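# Chain and residue survey
Take a look at the letters that make up each chain.
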Amino acid sequence: MKASEKKREIILILGMQGAGKTTLLKELLRKSPIKRRIIVDTLGEHSSGVIASTPLDLINAASKPEFTIRVRFKRAQEGFEWACKVANAAKRCLLIVDEIDMYSNAWEAPEAMEWLVRYGRHAAVGMICIARRPPDLWKTLRANANKIYVLRCSEKDDLKYLSNLIGKEAAEKLKTFKDLEYFCWDAKGGLVRGRTSFR
């Protein structure tokens, strides 16, 4: 295993509908060196990769050296939990979850997700999770995040939650952000303002 493969990141993308979360995700994926990807495509917004609609589809697709898999089970919760299990078994891959708050809440998460968040670093499994409402994030997921991108927000409860993370002044600025503008909070202590350019 290469040194670059041992490092894993948990990245969160937060913001209201239409602010540019999916566009930012596409930019991050374009720049990512990880070519083994499992996407829990909750809203059917992704077009690249093979579709897995059963556990066997998912297991077979993840057995290849490189893969991009879109998980689209009839029962979304089942698909999500299988995606977590297969990512953990495949190792050295990236799990992308759109609408993460559909599968967990602020206080609990499925066992397969909990395992990945707490111990996925041993299998070099990174995660990118997207949500509209920051207060709905599972607290352990938030606590283990390496980077958090925050796009436009205007809900009072969301801004209050985010002010504890990025500061009250920065959180207030989120109300004025244009589409594709964001703050990126880094666990190492930095806060950077940026704008997505990839479409």
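## Here we look at the pairing of strand E5 (residues 93–97)
Of all five residues in E5, five are buried; the element is thus mostly enclosed. Both faces of E5 are covered, namely the face carrying Cys 93, Leu 95 and Val 97 and the face carrying Leu 94 and Ile 96. By the bridge criterion, four bridges tie strand E2 (residues 36–40) to E5 in an arrangement that is parallel. Across the sheet, residue Val 40 finds its bridge partner in E5, namely Val 97. For E5 and strand E6 (residues 125–131), the ladder comprises five bridges, and the chain directions are parallel. By the bridge assignment, Leu 95 is partnered in E6 with Met 127. Once you follow E5 into helix H5 (residues 111–119) and on to E6, the crossover reads as right-handed.

## Things to note about unusual backbone geometry
Backbone geometry at Lys 91 places phi at a positive 65°, although glycine is not the residue there. Its place among the elements puts Lys 91 in the loop between helix H4 (76–90) and E5. By relative accessible area, Lys 91 is classed as partly exposed at 37%. In this model, Ala 124 sits at a positive phi of 55°, which is unusual for a non-glycine residue. Residue position: Ala 124 is located in the loop between H5 and E6.

Cut-offs applied
- Residues numbered from 1 in each chain as written.
- Predicted model: local features only at pLDDT ≥ 70, side-chain atom pairs only at ≥ 80, totals over all residues.
- Heavy atoms only, no water.
- Buried < 20%, exposed > 50% of the residue type's maximum accessible area, 1.4 Å probe, protein only.
- Helix = DSSP H or I, 4+ residues; strand = E, 2+ residues; numbered from the N terminus.
- Pairing = 2+ DSSP bridges.
- Right-handed = clockwise from strand over helix to strand, strands pointing away.

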